[in-house]
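Results of the structural survey
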Amino acid sequence: MQLSEIKERGKVLQSQLLLQLEGMEHFSSTKASTKADADVWMPKQIHSTRICIVNENGRVALDENRVAQSEDLPSDTTIEGDAVITQRVGQWIGIRTADCVPVLLFDPKIRVVAAIHAGWRGTALKIAPKTLFKMQEKYQTKPKNVVCLIGPCISFKHFETSIEAIEALGAAVQDKTGLFRGRYADLKGINRRQLEELGVEEFDICPFCTVDDNDKFFSYRKENATKLRHSAVVCLR
C-alpha cells in the first residue's frame, strides 16, 4: 500500500497491486483527503448483508428486487445497503468506514467491481462472501480471477469484543487458526479467510490500523464514537 496525492482529492491510500491492473481506478481516503467521495455513489450503511447493484442504466437494484432511480446517483442516498457492485464504466462506487473493514473486489476478466462495508456484524453474517456469490450469480465471476483489497481498519490487537461476537465471528469461517485470541478477533484476517475459502487467491492487505494510525484515519473507538469516516472507492475505466 502507498500514500499518493491525487488532483482534487488530496492525499489517499492506494494498492500497489491494483495500480498494476488495467481497467480500473481505486483509492481509500484519509484525514488529509479533500472531496474524496464527491462523485461516488454509496448506500446508507446499516450493518446488514444487503447488496446494491448499480446497473448499466444507472438504476440501483436491491436484493429484494426493488429498484430505485436517481439522475446522478448522489452519495447522500437513502438507499440502504452495505455492499455495492457494478459493471458500469465510469461509475465510482464505495463505502465509508472508521474501524470497520473496507473490502474492494475486482474481476479483471469479467470487468466488474465491488465495494463492501464489513463491520463485525457484517463479517459474522458473511457480507464479503455473499457479495462474491452475487458477482458469480449475476456476472459469472470466478473467485480465482478476483483481486481483493482489504483496507485500513481496526487491528487484531485493538479489536476486543464480547464472547457472543467472538462466537458469531468464529462460526463465519471454516478454519479459525490464528484469527482469535481470547476476546480479540482479527477482522482483516477473517474477511480474507472467508474469501480464501471460496477460492480467491490474490490479496493486498493494508498494514495500517485506524487506532494506531489515527493521525491518518478515523477511528470510532479511539475518537469517542466520531461520526467522521474515510471512504474506499473503485471505478471501472
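It should be noted that the structure appears before, not after, this text.
Treat the numbers as computed from the prediction; the structure is a model and nothing was measured. All residue numbers here refer to positions counted from 1 along the written sequence of the relevant chain. The predicted origin of the model limits local features to residues at a pLDDT of at least 70 and limits the giving and counting of side-chain atom pairs to 80 or more, whereas totals for whole chains, interfaces and linings rest on all residues. Only heavy atoms go into the side-chain values, all of them from the structure, while hydrogens and water stay out.

Each residue is assigned to one of three classes by its accessible area relative to the maximum for its type, calculated with a 1.4 Å probe on protein chains only: buried under 20%, partly exposed between the two thresholds, exposed over 50%. In this description a helix means any DSSP run of H or I spanning at least four residues, a strand means any run of E spanning at least two, and both kinds are numbered starting from the N terminus. By the burial criterion, the buried members of helix H4 (residues 163–170) are Ala-165, Ile-166, Leu-169 and Gly-170. Taken down its axis, H4 places every buried residue within 135° of arc, on the same side. Set apart from the buried face of H4 by more than 90 degrees, the exposed residues are Glu-164 and Glu-167. By the convention used here, residues are in contact when the closest approach between their heavy atoms is within 4.5 Å. The elements touched by buried residues of H4 are helix H2 (120–124), strand S12 (180–181), strand S13 (184–185) and helix H5 (187–196). Arc definition: directions from the helix axis to the C-beta atoms.

Inspection of the secondary structure assignment puts Gly-94 in strand S8 (residues 93–97). Looking at Gly-94, the relative accessible area reads 0%, which means it is buried. Between the C-alpha atoms of Gly-94 and Val-84, which are 10 residues apart in sequence, the distance is 7.0 Å. Apart from residues lying up to four places away in sequence, Gly-94 is in contact with Val-40, Trp-41, Met-42, Pro-43, Val-84, Ala-115, Ala-232 and Val-233.

To continue, consider the pattern of salt bridges. As a working rule, side chains carrying opposite charge can pair if their charged atoms are close by. Salt bridges are identified by distance alone: a Lys or Arg side-chain nitrogen within 4 Å of an Asp or Glu carboxyl oxygen. Under the counting rule described, the total for this entry stands at 9 salt bridges. When the shortest N-O distance is used, the salt bridge between Glu-25 and Arg-237 registers 2.5 Å. One end of the pair, Glu-25, is in strand S3 (residues 24–33); the other, Arg-237, is in the segment after strand S15 (230–236), and 212 residues separate them in sequence. The exposure class of Glu-25 is partly exposed, given its relative accessible area of 35%.

Looking now at the environment of Gly-199. Along the chain, Gly-199 falls in the loop between H5 and strand S14 (202–205). The spacing of Gly-199 and Asn-145 is 54 residues in sequence and 9.0 Å in space, taken between C-alpha atoms. Apart from residues no more than four positions distant in its own chain, Gly-199 is found in contact with Pro-143 and Lys-144.

The next subject is the nonpolar core. In these notes, a set of buried Ala, Val, Leu, Ile, Met, Phe, Trp, Tyr and Cys residues joined through side-chain atoms within 4.5 Å is what counts as a nonpolar core. Ile-85, Val-103, Leu-105, Cys-148 and Leu-195 are the most contacted members of the largest nonpolar core, which totals 35 residues. Looking at this core, the element that brings in the most residues is helix H3 (residues 127–139), giving 5 residues. Counting 21 residues, the second largest nonpolar core, distinct from the first, contains Leu-17, Trp-41, Ile-79 and Val-147.

These figures come from the coordinates and say nothing about function on their own.
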